[in-house]
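Here are the chains, one letter per residue:
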Number of protein chains: 2
Amino acid sequence: MNDTDFLDAIKWTEDGLVPAIAVDHKTNKNLMMAWMNRESLMLTVENNVAVYWSRSRSKLWRKGESSGHTQQIKSIRLDCDADVVILNVEQIGGIACHTGRESCFYRELQDGKWVSVEPVIKNPSDIYK
Amino acid sequence: MNDTDFLDAIKWTEDGLVPAIAVDHKTNKNLMMAWMNRESLMLTVENNVAVYWSRSRSKLWRKGESSGHTQQIKSIRLDCDADVVILNVEQIGGIACHTGRESCFYRELQDGKWVSVEPVIKNPSDIYK
């Protein structure tokens, strides 16, 4: 078996990407969703730390590189259609979002409006110095 | 305020879609990820039942229409970039996956291979009659 067979099993988009959902491995809470290409998933598996593909910057995105909020991989899942992966992670620092919140999914629909329902744990200006 | 302001807040893809992650509202377990367009999210909010957009069939996908495994909406979340939504749902029948499993994310990467780690709860041929 080739070492990259697990990559070939994935149905990549036309752009060569797959959505990756990062989940807190203890609470099951969704922290964020980002995108990966083959290289970033390979690096993630090899190093046990989440590496995404930044679509806006068109480069590898080593999550936590500047903030220190890396994501240690506990397990990786693939869905039935092979077009979405889940990363079960330990979120170092307890903050996944660039807004300083635990999770990027901090807005809830209430009476037709998106309302912030999660606290800022750390001021972003103190995270990205 | 217009009733559809919450839709305008979303950063839709060029194809007018947004990824939607369905989560079991009690266990936080990820059940599936699918896509929505404006109409499907509007219908989801109006009816409190998940309606997706089927990219393969290019039509509205009323989840559970044939299986009975509908998803009752408990709450809806939006992420910081406004380009991913979470549906916290009650999964009727306890089965979200067309393979008869609770979750579509039933394969785990083990020693470089995707291994099925969740049981089939009900035979698909008994679900889709």
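This is a predicted model, so every value here is computed, not measured.

Procedures and definitions
- The written sequence of each chain sets the order in which its residues are numbered from 1.
- Just so you know, chain letters begin at A and ligand numbers begin at 1, following the order they were written in.
- Confidence filtering applies because this is a predicted model: local features only for residues at pLDDT of at least 70, side-chain atom pairs given and counted only at 80 or more, and all residues used for totals across whole chains, interfaces and linings.
- For two strands to pair, DSSP has to find at least two bridges joining them.
- Each helix corresponds to a stretch of at least 4 residues labelled H or I by DSSP, and each strand to a stretch of at least 2 residues labelled E; elements are numbered beginning at the N terminus.
- Exposure classification rests on a simple neighbour count of other C-beta atoms within 10 Å of a residue's own: a residue reaching 20 or more is buried, one at 12 or fewer is exposed, and one in between is partly exposed. C-beta atoms are placed from the backbone.
- For this quantity, the arc is that covered by the directions from the helix axis to the C-beta atoms.
- Contacts are defined on C-beta atoms placed from the backbone: any two residues whose C-beta positions lie within 7 Å are in contact.
- Polarity classes work like this: nonpolar for Ala, Val, Leu, Ile, Met, Phe, Trp, Tyr, Cys and Pro, charged for Asp, Glu, Lys and Arg, and polar for all others, with Gly in that last group.
- Least squares is the method for superposing the copies, and the C-alpha atoms it fits come from residues with pLDDT of at least 70 in both.
- Per residue, pLDDT measures the predictor's confidence, with a range of 0 to 100.
- Interaxial angles span 0 to 180 degrees and are taken between N-to-C directions of axes, which are lines fitted to C-alpha atoms, for helices over the stretch in contact.

Peer 1: If you had to explain the pairing of strand β3 (residues 51-54) of chain A to someone new, which residues and values would you point to?
Peer 2: Residue and element names in this part refer to chain A. Where β3 lies against strand β4 (residues 59-62), four bridges are found, and the strand directions are antiparallel. Note on β4: the bridge partner recorded for W53 is L60. Count of turn residues in the β3/β4 antiparallel hairpin: four residues, of which S58 carries a positive phi of about 50°.

Peer 1: Hey, could you go over helix α2 (residues 38-47) of chain B for me, with residue numbers and the actual values?
Peer 2: Residues and elements named next belong to chain B. Of the residues making up α2, those classed as buried are S40, L41 and T44. Buried residues along α2 cover an arc of 100° about the axis, so they all sit on one side. The secondary structure elements touched by the buried residues of α2 are α1 (5-8), β2 (30-36), β3 (51-54), β4 (59-62) and β5 (71-78). Residue N48 follows α2 closely and has a positive phi angle near 60°.

Peer 1: If you had to explain the environment of B:N48 to someone new, which residues and values would you point to?
Peer 2: Residues and elements named next belong to chain B. By the element assignment, N48 lies in the loop between α2 and β3. For the pair N48 and R107, spaced 59 residues apart in the sequence, the C-alpha separation amounts to 29 Å. Once residues within four sequence positions are removed from consideration, N48 is found in contact with Q72 and I73.

Peer 1: Can you lay out the environment of B:K59 for me, pointing to particular residues and giving the numbers?
Peer 2: Residues and elements named next belong to chain B. Inspection of the secondary structure assignment puts K59 in strand β4. Residue K59 is classed as exposed on the basis of its C-beta count, with 10 C-beta atoms lying within 10 Å. As for K59 and S40, which are separated by 19 residues in sequence, their C-alpha atoms are 9.6 Å apart.

Peer 1: An account of the interface of chain B and chain A is requested, with residue identities and associated values reported.
Peer 2: Listed as interface residues are 34 residues of chain B and, on the opposing side, 33 residues of chain A. Broken down by secondary-structure element, the contributors of at least two residues to the side of chain B that touches chain A are α1, β1 (18-24), β2, β5, β7 (107-110) and β8 (113-116) of chain B. It is β5(B) that provides the largest number of residues to the side of chain B that touches chain A, a total of four residues. Split into classes, the residues belonging to the side of chain B that touches chain A amount to 19 nonpolar, seven polar and eight charged. Pairing of strand β7 (residues 107-110) of chain A with β5(B), which is carried by two bridges, proceeds in the antiparallel orientation. Residue A:R107 lies in a different strand from β5(B), and its bridge partner there is B:L78.

Peer 1: Tell me about the environment of A:V120, and name the residues and values.
Peer 2: Residue and element names in this part refer to chain A. For V120, the position within the fold is in the loop between β8 (113-116) and α3 (124-127). Separated by 27 residues in sequence, V120 and G93 have C-alpha atoms that sit 13 Å apart. Contacts of V120, omitting those with residues within four sequence positions, involve T99, G100 and R101.

Peer 1: Mind laying out the relation of the copies chain B and chain A, listing which residues take part and the relevant values?
Peer 2: Laying chain B over chain A is done by rotating through 180° and shifting 0.0 Å along the axis; what remains is an RMSD of 0.0 Å. Look at the turn and shift together and you get a two-fold axis relating the two. Among all residues of chain B, the minimum C-alpha distance to the rotation axis is found for B:N28, at 2.7 Å. Mapped onto chain A, 97% of the interface residues of chain B again fall at the interface, so both copies present the same surface.

Peer 1: Give me the confidence of the model for chain A: which residues, what numbers.
Peer 2: When the pLDDT values of chain A are averaged, the result is 96; 98% of them are 70 or greater. Complex prediction metrics read pTM 0.96 and ipTM 0.96.

Peer 1: Explain unusual backbone geometry to me, and be specific about the residues and the numbers.
Peer 2: Located in the positive-phi region is A:N48, a residue other than glycine, with phi close to 60°. Classification of A:N48 as partly exposed rests on a count of 14 C-beta atoms within 10 Å. One non-glycine residue, B:S58, lies in positive phi territory at about 50°. Assignment of secondary structure puts B:S58 in the loop between β3 and β4.

Peer 1: Account for the sheet that holds β7(B), with residues named and values stated.
Peer 2: An order of β2(A)-β1(A)-β6(A)-β5(A)-β7(B)-β8(B) is seen for the six strands of this open sheet, with the pairing classed as mixed. On the outer flanks of this sheet lie β2 (30-36) of chain A together with β8 of chain B, each paired with one strand and no other. Averaged over all neighbouring strand pairs, the angle between strand axes comes to 35°, with direction disregarded.

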